Amino acid sequence: SEVEQKQAVQQQLAEREAQLSDKAAELAGLTEQKQVVQQQLMERQEELDKEVQQKQAVQQQLTEREAELASELEQKQAVQQQLTDKVAELASEVEQKQAVQQQLAEREAQLSDKAAELAGLTEQKQVVQQQLMERQEELDKEVQQKQAVQQQLTEREAELASELEQKQAVQQQLTDKVAELASEVEQKQ
């Protein structure tokens, strides 16, 4: 009966060892999966940083071009004012007045083109800013999702580590029991 008891305990030990091996393998798999997710997070963050830098560079170029056009428009308006003043002075000279009026028409056409270009750039800048805001919202959501997965993996890893520790404690108790039974069998023999 004691031999059967010992064999039963040894069978339990073998089953516990198999369970421990499975849990250790699962823990190793989760640890590897967690490292993969962390690596993906780092790579994705680098891509996002590059995208943001590119968007900011484009926005900076648009801002500079907008400033240039504003300066050109201001200069053109100053010239137009000067031409208007000149027209007033040459009001009595018809030929000169007609020449100045022709120049004024050309200047006005240029100003109209510049104003249209400035309006287009302003609209384009607003579109880029809107895209940047939307992209930033998407990135924030992605990072939150990745962090949630990472948190779940960390919690599961802690659970498995606790289970593994409990299994090892039970295995140690069974080992001690087998040793005790073996000692009793030897004494009785």
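So, here is what we can say about the structure in this document.

In terms of regular secondary structure, the chain is built from two helices and zero strands. The C-alpha radius of gyration computed for the chain amounts to 41 Å, which surpasses the reference 16 Å derived for 189 residues by more than 25%, pointing to a less compact arrangement than a globule. Dimensions of the chain, computed from C-alpha atoms along their principal axes, come out at roughly 140 × 15 × 15 Å. Classification of the 189 residues of the chain by burial places 19% in the buried group. Long-range contacts, defined as pairs at least 24 residues apart, comprise 85% of the intrachain contacts of the chain with a sequence gap of at least 6. Here the chain displays about 13,500 Å² of accessible surface, and carbon together with sulfur accounts for 46% of that area.

Per the stated rule, a full pass over the model turns up 12 salt bridges. The salt bridge involving E157 is made with K34; its shortest N-O contact spans 3.8 Å. Residue E157 is located in helix 2 (residues 94–188), and its partner K34 is located in helix 1 (residues 2–89); the two are separated by 123 residues in the primary sequence. Salt-bridge contacts for R156 lead to E159; the nearest nitrogen and oxygen are separated by 3.0 Å. One end of the pair, R156, and the other, E159, are both in helix 2, three residues apart, so they sit about a helical turn from each other. Judged by its relative accessible area of 42%, E159 is partly exposed.

With that out of the way, let us pick up the environment of Q33. Relative to the elements of secondary structure, Q33 occurs in helix 1. Looking at Q33, the relative accessible area reads 41%, which means it is partly exposed. Residues Q33 and Q144 lie 111 residues apart in sequence; the distance between their C-alpha atoms is 18 Å.

Here Q171 is to be found in helix 2. Ignoring sequence-local partners within four residues, the contact set of Q171 consists of L13, E17 and L20.

Glancing now at the environment of E51. Among the structural elements, E51 can be located in helix 1. Owing to a relative accessible area of 29%, E51 belongs among the partly exposed residues under this scheme. Along the primary structure E51 and A28 are separated by 23 residues, whereas in three dimensions their C-alpha atoms are 35 Å apart. When residues no more than four places from it in sequence are discounted, the contact partners of E51 are R44 and R135. Within the structure, the side chain of E51 is placed 3.0 Å from the side chain of R135, a separation counted as a polar contact.

Cut-offs applied
Residues numbered from 1 in each chain as written. Predicted model: local features only at pLDDT ≥ 70, side-chain atom pairs only at ≥ 80, totals over all residues. Heavy atoms only, no water. Helix = DSSP H or I, 4+ residues; strand = E, 2+ residues; numbered from the N terminus. Rg over C-alpha atoms; globule rule 2.2 N^0.38 Å. Buried < 20%, exposed > 50% of the residue type's maximum accessible area, 1.4 Å probe, protein only. Contact = heavy atoms within 4.5 Å. Areas by Shrake-Rupley, 256 points an atom, 1.4 Å probe, with all protein chains shown as cover. Salt bridge = Lys/Arg side-chain N within 4 Å of Asp/Glu carboxyl O. Polar contact = N/O pair within 3.5 Å; in protein donor to acceptor, adjacent residues only side chain to side chain.

So far we have only geometry, and geometry alone does not tell us how the molecule works.
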